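What follows is the residue order along each chain.
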Amino acid sequence: MCKVKQPILRIPESVKKDTFAYRSRVEKFVQGQTSAVAFRAYRVPMGVYEQRAAGKYMVRIRIGAGLVLPYQLERIAQLSKTYGNGIVHVTTRQDIQIHEVNIEDTPDVLEGLLEVGLSPRGGGGNTVRNVTACPRAGVCPKEEFDVSPYALAAAEYLLQFKNSYNLPRKYKIVFSGCSADCAFASVADLGFFAHQKDGVKGFAVYAGGGLGSNPAVGLKIEDFITDNEILEVAEAIKRLFDKYGDRSNKHKARLRYVVARVGTQEFIKLYKIERQEVRNQGLRGDIPKVRAGASKFEVPRSVVDSDNSRSPLRHNVLAEKTEGLFTVMLRLNLGDIPADDLIKTGQTAEKFGQGLVRTSQLQNLLITSVPRQNIEKVRSTLEGLSIDVTGNGRGKIVTCTGAATCKLGLCLSRGLADAISDKLNQSKASRQQGETIIRISGCPNSCGHHYIADIGFQGRAKRVNGRLMPCYDVLAGAQTTERTAHLAERVGSVPAKKIPDLLAEAFAAGAIKKEQLKGLVERYDDFSSPEFPDEYYYDFGATEPFSLAGRGPGECGAGVMDVIKLDVDQAKEAIRAAHKTQAAKDKSESVYEAIIAAARALLVIFGLEPKKDREIFAAFSKHLIEPAWVKPQAQQLLDNAIDWRMGDRNSIDDLLPQVEDLAKRVEELFLSLDANLKFKAKPAAQKANAGVPEDKAQTQKHTVDLRGVACPLNFVKAKIELEKIDAGEILEVLLDDGEPTKNVPESFTHQGQEVIEVKNVGDHFCVKVRRKK
C-alpha cells in the first residue's frame, strides 16, 4: 500500500567513511598485525561484539526510533542467512542483531547494511547508542504528538561527531510520547517526555537515569523546552558526561554516577553551564531538520474503513488515533525470528499496512496503520510462521541473550524463559498471568530490563555447599511513568531450578504484587539444605556443571573479579541474616558463614582456592593479615571462629561488629584492585615483617605447567609466576587446548605484557610471555 525507498534514519557521511575503513582494520587483525585488545577497542564501537562461541561475532544494527522499512528487513534477513545463523534478534532497545558471524565476514555485513541505509556504528562500546522512542509513535491515541522525528534528528546530529564514540560509557537517549512512558524515558541517561504548552510542542527532560548495576530513575532537569531545543540539550548533556564521567572505572562510569558523586543540584548547575556554552557557540556540524517520522507513512483514505463498531478485536490488535486504522502486534519468541519470516513480515506490512515495521521494547514487531478489512489478511498471511499473530491475552517474557552467547552473561536466561513458559502452560497458570510482564537478565547489566519489570529476575552465581549454583534475584513492584517512576525492589534470591514452580504458584494464587510475592519467595529462597539435587548445580539446557568459564571480554581477569564478588556478596548476605535472626545458634552460624566468605574472597588473586575452613584461614593470615592489608586484630577473630566450630566456645554472635568491619575491609580491597589484580588501597597497618625481605616462596622458574587448571585460576597462577622473573625475561606457560589457550594470552596482552608465541606442542599448548613491566 505504501512503498518508501528513502531510509528513515539518514546515515552521516562520517559513519559511511568509518564503515568503508573497517575492512582494512579487520584484514590487519586477521593477518596478526593488530592485537586482539587493540582490535576490540575498534570493533565494539562499530557495533560488532564477540560472542561466547569461539570465533563468532554479533552485529547490532541501529533501528532509529524502532522504524524499519521492508526492503531493509529483507537485506538484514539475507545477510543473516548468508553470514550468520539465519535467526534475527530484536533487542529491548529496538535494535536488530545478526548472530554467529565470522569476523572476516563482518565487513561484508556492514557494507551490505550501508547499501540500504542501515548501520551498526555506535551499537556498542562507550558511544551514543540507539535513540529510541515509543513503538507506536505517530499512531497511539494517547500520545501528545509523534516523537519519532525528534528521536531521528537527535541521532543524526550526534552520530556525525567522533567524540560520540569515545565517551566515558554508553549514552542512551529516549523519547516518550506521553507520561505513560512506553519507551522508558524515566530510566534513561537522557529522557524526553512530550507535552504541549499553550499549543506549543515541547518536552519535559530528565537525566541521569539508567539500569544495570546501581540503577536510578532520572532527575528532572527541564520542566519544559520547546521542540527546537532538543539538540542543544542532548549536546549539553553529552559534553557534561564527557567532561565529568569517570573514565578510570568503567563500573562507575555511567552518567548516573556523576549525579551520585556531585549531587542533584550541582548536576543541574553543571548542565545549565554546558547548555549555555552550547547556546553561545551554536550547534556544530550539520543540523538535521525535524522531518516527519512515522507520520509520513500515510495510508490512502480510500482504503480505510472508518467503522470501528464492528466485531471485537483480538488481543494483539490495537486501535490507532486515526479512525479505521489498527496496529497488529506480532509476538516473537524471546525476540527471535527466522530470516525468511522477517522477509514475509516486511512484505505483509507493505501490502496491508503503511509499509513500515516497528521494533518494540518488548522484543516484538508491529505492523501499523492496517485498515480493519486487512487485519484478517495479515493474520492469515503470517499464520503458520514462528510469529504469534493471534494473541491470547497472556503476559510476555522478555529476556536478554544470556550466557549462551553473551560473554558477560552469568546464567542461561533464555533457558529459564523456556522453562517458565513450559511450566505455566503445563499448569494452566498462564491463564492467570494476564498482562504481567516477566523480565529476565542473565547478569546485573539489565539488558532484560529486570529493574522495570512487573516480576524481574537477575542472574547471579551463588556458592552453595562449596559449589557454584545458578540463581536469580527476584524483583517486583516497578513503575515507569513520568513523575512517579520507581524501580523494582529485590524480594529474595532463588535457585534457578526453583523459579518455574515459584511463578506457577504465584500466578495460581494471584500473588504477583510485591508484598504477596515476597512472602512466597521466602519459602523458595532457603539455601541451608546440606544436600541439593545435583541438577540444581546445572543451568537450564547445560550439560556441564555451572561455572563462570568463558565469561568476560576475552580475559580471565574478569572471571577472577566475579569469583571475588560472589564471596563478598555472600559475606554481606550472612551479616544481614545474622542481624535478622534472634536464635543464638542461628546467629552464630551466620556470623561464621560471613567470616568464611570474607576470608576466602581475595585468595584467588594469590592463585589459591582452598576448600577447608582451616586452609582458608591459614591462607588469609599469610597473604592478608601478615602483609598488613587487614588489621592484625582479624587473626583473633579467625581463632575465635575456629574455637566455636570446634566446640570450645559457646557463641560468636558477639563478634558481629568485628565481622562487619572485616567484610567492609575486604570489599574495600576488592574495589581497589587494578587491571593487574594489585591493591590500590593502602595497607591497614604497618607490615609485621617490615624491613625483612619477602620470601620468594620458590626459586626462579621460567616454565609453569598449568595443564588441568581451569579459567580463571590458570591465568592468576601464570601471572604470579611472571612476577617472579625480571623484566625482559620469558615465561613458558603450558596450557590445555580450548578456553585456556584463548583467554590467558589475551589477558596478558590486556595487561601490557608481550605474548611472543602460542604454540601447539601435541596434546597441549605452550604460551611464551615476555615480562614488559
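Quantities reported herein were computed from a predicted structural model and do not represent experimental measurements.

Conventions used here
Residues numbered from 1 in each chain as written. Predicted model: local features only at pLDDT ≥ 70, side-chain atom pairs only at ≥ 80, totals over all residues. Heavy atoms only, no water. Helix = DSSP H or I, 4+ residues; strand = E, 2+ residues; numbered from the N terminus. Rg over C-alpha atoms; globule rule 2.2 N^0.38 Å. Buried < 20%, exposed > 50% of the residue type's maximum accessible area, 1.4 Å probe, protein only. Contact = heavy atoms within 4.5 Å. Domains from an automatic or database assignment. Buried area = accessible area lost by both parts, 1.4 Å probe. Salt bridge = Lys/Arg side-chain N within 4 Å of Asp/Glu carboxyl O. Polar contact = N/O pair within 3.5 Å; in protein donor to acceptor, adjacent residues only side chain to side chain. Nonpolar A, V, L, I, M, F, W, Y, C, P; charged D, E, K, R; others polar. Expected span 1.5 Å × (residues − 1). Phe/Tyr/Trp six-rings, centres within 6.5 Å; stacked < 30°, edge-to-face > 60°. Lys NZ or Arg CZ within 6 Å of the ring centre and 35° of its normal. Pairing = 2+ DSSP bridges. Axes fitted to C-alpha atoms, helices over the stretch in contact; angles between N-to-C directions. Core = buried A, V, L, I, M, F, W, Y, C linked by side-chain atoms within 4.5 Å. Disulfide = S-S within 2.5 Å. 1 Å grid on protein atoms, 1.4 Å probe; cavity = no way out; pocket = protein on both sides within 12 Å on 5 of 7 lines; lining within 4 Å. Points joined across faces, edges and corners; volume = space filled by probe spheres on them.

### Brief notes about the overall build of the protein chain
Each helix and strand in the protein chain was counted, giving 21 helices and 24 strands. In terms of overall size, the protein chain behaves like a compact globule, its C-alpha atoms giving a radius of gyration of 28 Å where 773 residues would be expected to give roughly 28 Å. Taking the principal axes of the C-alpha coordinates as reference, the protein chain spans close to 90 × 60 × 55 Å. Looking at the protein chain residue by residue over its 773 residues, the buried ones come to 58%. Summarising the internal contacts of the protein chain: among those between residues at least 6 apart in sequence, 68% fall at separations of at least 24.

### Some points on the domain arrangement of the protein chain
Per the domain assignment, the segments of the protein chain are domain 1 (13-115), domain 2 (132-281), domain 3 (297-383), domain 4 (401-537), domain 5 (557-671) and domain 6 (692-770). Computed from C-alpha atoms alone, the centre-to-centre distance between domain 1 and domain 6 is 33 Å. In total, about 390 Å² of surface goes out of reach between domain 1 and domain 6, with carbon and sulfur atoms giving 56% of it. Where domain 1 meets domain 6, there are two salt bridges. Applying the counting rule to domain 1 against domain 6 returns one residue pair in polar contact (both at pLDDT 80 or more). Per-element accounting of the side of domain 1 that touches domain 6 gives the leading share, three residues, to helix H2 (residues 36-43). Grouping the constituent residues of the side of domain 1 that touches domain 6 by class yields two nonpolar, one polar and two charged.

### Quick word on helix H21 (residues 739-750)
In this model H21 runs 16 Å from its N-terminal to its C-terminal C-alpha over 12 residues, within 8% of the 16 Å that 1.5 Å per residue would give. Pro740, Thr741, Asn743, Val744, Pro745, Glu746, Ser747 and Phe748 are the residues of H21 that are buried. Positioned one or two residues after H21, Gly752 has a phi angle of 90 degrees, which is positive.

### Some remarks on the packing of aromatic side chains
Counting across every chain of the model gives 18 aromatic pairs. Plain terms: the ring middles of Phe192 and Phe203 are 5.7 Å apart, the flat faces sit at 80 degrees to each other, and that makes the pair edge-to-face. In this pair, Phe192 is assigned in strand E8 (residues 190-197) and Phe203 in strand E9 (residues 200-207), connecting sequence segments 11 residues apart. Comparing Phe192 with Phe203, the two get one shared label, buried. Through a chain of ring-to-ring contacts, the aromatic side chains of Phe145, Tyr150, Phe175, Phe192 and Phe203 assemble into a single cluster. The ring of Tyr42 carries the charged tip of Arg25 above its face, separated from the ring centre by 3.9 Å. Its end group placed over the ring of Phe527, Lys462 keeps NZ or CZ at 4.9 Å from the ring centre.

### Concerning the sheet that holds strand E13 (residues 336-338)
The strand order E1-E2-E5-E4-E13 describes an open sheet built from five strands, whose pairing is antiparallel. Where the open sheet ends on each side, the last strands, each with one partner, are strand E1 (48-50) and E13. Shown here is a sheet whose adjacent strand axes are inclined to one another by a mean of 30 degrees, direction ignored. Note: strand E4 (residues 87-90) against E13, three bridges, orientation antiparallel.

### Points about the nonpolar core
Tyr171, Phe175, Leu190, Phe192, Phe203, Ile221 and Phe267 are the most contacted members of the largest nonpolar core, which has 110 residues in total. Among the elements that line this core, the one with the most residues is helix H6 (residues 230-244), at eight residues. Setting aside its immediate chain neighbours within four residues, Tyr171 contacts Thr127, Val128, Arg129, Leu158, Asp189, Leu190, Ala234, Ile237, Lys238 and Phe241. Tyr592, Ala641, Phe670 and Leu673 belong to the second-largest nonpolar core, a separate cluster that totals 60 residues.

### Some details on the state of the cysteines
Put plainly, a disulfide is one covalent bond tying together the sulfur atoms of two cysteines. As enumerated under the stated definition, the model contains zero disulfides in all. The thiol sulfur of Cys400 is not disulfide-bonded, and the nearest other cysteine sulfur, from Cys447, lies at 6.0 Å. Of the cysteine sulfurs around Cys471, a residue in no disulfide, the closest is that of Cys411, at 7.4 Å.

### Concerning helix H4 (residues 106-114)
Burial of H4 is extensive: eight of the nine residues sit out of reach of the surface. Within H4 the residues assigned to the buried category are Thr106, Pro107, Val109, Leu110, Glu111, Gly112, Leu113 and Leu114. Where H4 is buried, its residues touch helix H1 (13-30), E1, strand E2 (56-61), helix H3 (70-83) and strand E5 (96-102).

### Re unusual backbone geometry
Excluding glycine, most residues fall at negative phi; most peptide bonds, likewise, are trans. Despite not being glycine, Asp198 has its phi angle at roughly 55 degrees, a positive value. In this structure, Asp198 sits in the loop between E8 and E9. Assessed through its relative accessible area of 76%, Asp198 is described here as exposed. Its identity as a non-glycine residue notwithstanding, Leu334 has a phi of 55 degrees, on the positive side. The topology assignment puts Leu334 in the loop between strand E12 (325-330) and E13. Of the residues examined, Leu334 reaches a relative accessible area of 6% and is grouped as buried.

### Examining empty space enclosed by the protein
This structure, assessed with the given rule, holds four cavities of 30 Å³ or more. What lines the largest cavity is a set of 13 residues, among which Leu9, Arg62, Gly64, Gly117 and Leu118 lie closest to the centre. Here the residues of the lining of the largest cavity are counted per class, giving eight nonpolar, four polar and one charged.

### Some thoughts on the pairing of strand E7 (residues 173-176)
The alternating pattern of E7 places Ile173 and Phe175 on one face and Val174 and Ser176 on the opposite face, and all of these are buried. Taken together, the two bridges between strand E6 (residues 132-133) and E7 define a ladder with parallel strand orientation. Opposite Thr132, over in E7, you have Val174 as the bridge partner. Across four bridges, the pairing between E7 and E8 is parallel. Counterpart to Ile173 in the pairing with E8 is Leu190.

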